[in-house]
Amino acid sequence: MRTSSVEQIIIETLSKEHTHLTSLQVYEEIHNRLPALNQSTVYRALERLVNRGLVSISDMGNGSAVYELLNNGMHHHLVCQKCGQVITIGHEEVEAFFSIIQERYKYKIITNHLILFGICEKCQTANPDSE
Ligand SMILES: [Zn+2]
Ligand SMILES: [Zn+2]
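Heads up: these notes are all about the structure in this document. Residue positions are given per chain, counting from 1 as you read along its sequence in written order. Numbering of ligands from 1 and lettering of chains from A proceed in the order in which they are written. Residue-level local features of this predicted model are given only where pLDDT is at least 70; pairs of side-chain atoms are given and counted only at 80 or more, and the full residue set underlies all totals for whole chains, interfaces and linings.

## Brief notes about the pairing of strand β2 (residues 55–59)
Whether two strands pair depends on DSSP finding at least two bridges between them. Each helix is a run of H or I in the DSSP string that is no shorter than four residues. Each strand is a run of E no shorter than two, and both are numbered from the N terminus. For β2 and strand β3 (residues 65–69), the ladder comprises 5 bridges, and the chain directions are antiparallel. Following the sheet pairing, Ser58 is matched in β3 by Val66. Connecting the antiparallel pair β2 and β3 is a turn made up of 5 residues, with Gly61 showing a positive phi of about 85°.

Take a look at the structure:
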């Protein structure tokens, strides 16, 4: 199987799940369809997609990096450290912040999937005394 086909299958898998998958989850999904593909082939293809900016890789605080397809434009997340709830925010909400940094530091930001850790509204209400 050609490399480009592996990449295509990964893109299909990520778009179907429409969520954040660890590399192992990506491999397992693909393994169900194509048992002949080995793990390192899948991982290398995944890495190439990240390098080409088609797939984002992020640490969402659960121990392993997660991958997500970036076909719907850039977005970011707020991750609650108490209940684990993931809120998706649009890029327009952080765009201003990105431009300030880029301008002030003459910096070209390549982060395409920002994760902000915090405590969601519900958890703040549940524990009014904790930070
Ligand atoms: Zn995401
Ligand atoms: Zn919460």
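## Concerning the nonpolar core
Buried Ala, Val, Leu, Ile, Met, Phe, Trp, Tyr and Cys residues whose C-beta atoms connect them within 7 Å together make up a nonpolar core. Residues are called buried when their C-beta atom has 20 or more other C-beta atoms within 10 Å, exposed when it has 12 or fewer, and partly exposed otherwise; all C-beta atoms are positioned from the backbone. By size, the foremost hydrophobic cluster in this structure holds 15 residues, and its most contacted members are Ile10, Val26, Val42, Leu46 and Tyr67. In terms of residue count, helix α3 (residues 39–51) provides more of this core than any other element does, 4 residues in total. Two residues qualify as being in contact provided that their C-beta atoms, derived from the backbone, are within 7 Å of each other. Excluding residues that lie within four positions of it along the chain, Tyr67 makes contacts with Leu14, His20, Leu21, Ser23, Val26, Leu46, Val55, Ser56 and Ile57.

## Examining the sheet that holds β2
The strand order across the open sheet built from 3 strands is β1-β3-β2, with neighbouring strands paired in antiparallel fashion. Each end of this open sheet is capped by a strand with a single partner; those strands are β1 (21–22) and β2. Here 2 bridges tie β1 to β3, and the two strands are oriented antiparallel to one another. Within β3, the position partnered with Thr22 by the bridge is Val66.

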